[in-house]
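Fold and geometry: a report
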Amino acid sequence: MSLLSTFRPGQNDGMDSSSSSPPPHMDLKHEQQNYGGEAPAVRRPSKADGADGMLEGLGYKPELTRSRSTLQVAFMSFVLASIPWGLSTTLYYPLVNGGPVTIIWGWILVSAIILCVAASLGVYYQAFMLAPARWQRVASWICGWLYLVGNITITLSVTFGATTFIVACINVFESSPGASDVFPGTTWQIWLLFLAITLVCNAISALGNKWLPMLDTAAIFWTFAGVIAMVISVLVLAKEGRRSANYVFTHWDNSSGWPNGWSFFVGLLHAGYATSSTGMIISMCEEVRDPSTQVPKAMVATIVINTLGGLLFLIPIVFVLPDIQMLINIESAQPIPTIFKSAVGSAGGAFGLLIPLIALCLMCSIACTTATSRCVWAFARDGAIPGAKLWMKVNKKLDVPVNAMMLSMIVQLALGLIYFGSTLAFNAFSGVGVICLTAAYACPIAINLFTGRKQVRKGNFFLGPLGYFTNIVALAWTLLALPLFCMPTSIPVTADTLNYAFAVFIGAAAISGIWYAIWGYNNYAGPPTQEEEL
């Protein structure tokens, strides 16, 4: 496999392509690197030193407790995706763009692609180490800011998605379809619920850090028990009948206005969003006992489990799918509550089946909050965020980078205020996370591929020629996904249906570029390295 491991210049003990454990987080007191001269000869850290020893050998100070096992890493990776809920909240996209074919086959296709992405994955530390010397700082800076913005905005998207999903679940008790007379979901109601969820998730992540692995473990059993209950209930009751297997696997229903082929690709946003958090687990590597092997194995195992779990959830849903046009016209754009109500024949029964998804969406929000706080902390300790000395501090009592977590939360709440002025502008900010993370994942993969994959030939998970295939698939997906995720769901396009995520992406890139020109060019040294002649 081509996966994450602790990276050393000229050698990679555990990855095939650009993946490695995330940058061990840099102490700002480290000596600035002299890019034009020769680095002093030092002993290269090895696995015999242990994870913390290798971290110190690379120039970082271990500050977080390594308490997560391989299974716990896999469980958190699973919760970051929260596949049943992740596939529920964006089901609108494939319903408009192809119906059952896009729902089922789109999920299978994207899952196979994401497996290649995971087998090639790296972040800004890997971009720095793999790039030619003159481009190291720029490559690391670009990749790091994409990853940072992606983490913050995807967490915003997850939390706000949980908000709208909960509102839709409550309105399953409405007096008539589309009435929304139980919980009207006004702007103030939505924002206050979003505020409450954000504060609760940050509080649990900060104050309950040592119990989070147990919460992730519980989420696994909760998820599969819930999915089994949902599947059995909707298939057995099926008050409005069951679709044929031919309908489930071959029926095409394009309501988007796009040509059929392109409509299928636009519908892939459904699966793309659900799998976009694949690389966020990288931010947790300093809390993993043996990140160079545990994280790669956990990521691949999780993708396989997610693929099967997604099919277990989606196929029964399509078997009891009511009229697609009716689902598309739901004001909340959350069709799952209506599908469950249609299948079981009662609002109370439907809400009971939705409880596992509601719990899972909150667990996902907590996991994303946790991973994002580590991402902010990591980049701050490498000196790339304004006010880095403040954000890099760790609360020793809680064993959590609380300041970094608060920064992430404040940014999300500030962006949430945009919802009062324009839901379109807010949706653009919450949707840009998929774009930024996809681009961040691609940076080190592209550098690795175009430099001949020279630095990954001695890894524990070296794929050989197959590594080229996984890298190329990952980059091809990026080239397709970036414009794809900027497309409106349907045409003709109006000011109210235009997807403004690309404008936000360009704006974030411009801010990053300006900050680099003003400050980063003269001050950002990149991650610390330990180099010697090979």
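Note: the structure precedes this text.
First things first, this report covers the structure right here in the doc. (Residues numbered from 1 in each chain as written. Predicted model: local features only at pLDDT ≥ 70, side-chain atom pairs only at ≥ 80, totals over all residues. Heavy atoms only, no water.)

A separate point is the overall build of the protein. Of the regular secondary structure elements, the protein holds 22 helices and four strands. Within the span of the protein, comprising 534 residues, buried residues form 59% of the whole. Here the analysis covers contacts within the protein between residues at least 6 apart in sequence; of these, 82% occur between residues at least 24 apart. Accessible area for the protein stands at about 20000 Å²; split by element, carbon and sulfur atoms hold 67% of it. (Helix = DSSP H or I, 4+ residues; strand = E, 2+ residues; numbered from the N terminus. Buried < 20%, exposed > 50% of the residue type's maximum accessible area, 1.4 Å probe, protein only. Contact = heavy atoms within 4.5 Å. Areas by Shrake-Rupley, 256 points an atom, 1.4 Å probe, with all protein chains shown as cover.)

Another point: unusual backbone geometry. Cis geometry marks the peptide bond from Ile491 to Pro492; its omega dihedral reads 5 degrees. Tracing the sequence through the fold places Pro492 in the loop between helix 21 (465-484) and helix 22 (501-523). In this model, Ser82 sits at a positive phi of 45 degrees, which is unusual for a non-glycine residue. Residue placement: Ser82 occurs in the loop between helix 2 (70-81) and helix 3 (83-89). A positive phi is found at Ala238, a non-glycine position, where the angle reads about 40 degrees. Following the sequence through the fold, Ala238 ends up in the loop between helix 9 (212-237) and helix 10 (245-250).

Inspection of the secondary structure puts Asn171 in the loop between helix 7 (136-170) and helix 8 (187-207). For Asn171, a relative accessible area of 7% corresponds to the buried category. In sequence terms Asn171 and Val182 are 11 residues apart; their C-alpha atoms lie 5.6 Å from each other.

According to the stated counting rule, one finds 21 aromatic pairs in the structure shown. Between Tyr124 and Phe379 the ring centres are 4.8 Å apart and the planes differ by 65 degrees, which places this aromatic pair in the edge-to-face class. Note that Tyr124 is positioned in helix 6 (residues 124-130) and Phe379 in helix 16 (residues 347-381), a separation of 255 residues in sequence. Overall, Tyr124 belongs to the buried group, its relative accessible area being 2%. The exposure class of Phe379 is buried, given its relative accessible area of 1%. For the pair Tyr419 and Phe426, a centre-to-centre distance of 5.6 Å together with 75 degrees between the ring planes defines the contact as edge-to-face. Tyr419 gets classed as buried once you look at its relative accessible area, which sits at 13%. (Phe/Tyr/Trp six-rings, centres within 6.5 Å; stacked < 30°, edge-to-face > 60°.)

Let us now look at helix 7. In this model helix 7 runs 51 Å from its N-terminal to its C-terminal C-alpha over 35 residues, within 8% of the 51 Å that 1.5 Å per residue would give. Burial of helix 7 is extensive: 31 of the 35 residues sit out of reach of the surface. (Expected span 1.5 Å × (residues − 1).)

Mapping Ser365 onto the fold places it in helix 16. Take Ser365: its relative accessible area is 0%, and that puts it in the buried class. Side-chain polar atoms of Ser365 contact the backbone oxygen of Cys361, separated by 3.0 Å. Once you skip the residues sitting within four places of it in the chain, Ser365 turns out to touch Val158, Thr159, Ala162 and Cys201. (Polar contact = N/O pair within 3.5 Å; in protein donor to acceptor, adjacent residues only side chain to side chain.)

Quick look at the nonpolar core now. General note: in soluble globular proteins, nonpolar side chains tend to be found buried as a group. Counting 146 residues, the largest nonpolar core has Trp85, Phe313, Ile336, Ile339, Phe340, Leu357 and Trp477 as its most contacted members. When residues of this core are assigned to their parent elements, the largest contribution, 20 residues, is made by helix 16. Phe160, Val167, Leu415 and Tyr419 belong to the second-largest nonpolar core, a separate cluster that totals 12 residues. (Core = buried A, V, L, I, M, F, W, Y, C linked by side-chain atoms within 4.5 Å.)

Taken together, the side chains of Ile228, Ile232, Val236, Leu237 and Leu312 define a hydrophobic patch exposed on the protein surface, amounting to about 430 Å² of accessible area. Considering every element that reaches the nonpolar patch, the biggest residue donor is helix 9, with four residues. Mapped onto the elements of the fold, Val236 is located in helix 9. (Patch = residues over 30% accessible without salt bridge, like charges linked within 9 Å, V, L, I, M, F, W, Y side chains within 5 Å. Salt bridge = Lys/Arg side-chain N within 4 Å of Asp/Glu carboxyl O.)

We now examine the packing of helix 9 against helix 15 (residues 336-344). At a minimum axis distance of 7 Å, the contact between helix 9 and helix 15 shows a crossing angle of 50 degrees. Classified by the angle between their axes, helix 9 and helix 15 sit oblique to one another. Across the interface between the two elements, Met230, Val234 and Leu237 from helix 9 touch Phe340, Ala343 and Val344 from helix 15. When the residues that make up the contact of helix 9 with helix 15 are grouped by side-chain class, the tally is six nonpolar, no polar and no charged. (Axes fitted to C-alpha atoms, helices over the stretch in contact; angles between N-to-C directions. Parallel < 35°, antiparallel > 145°, perpendicular 65-115°, else oblique. Nonpolar A, V, L, I, M, F, W, Y, C, P; charged D, E, K, R; others polar.)

From the geometry alone we can't say anything about function, so treat these as descriptive.
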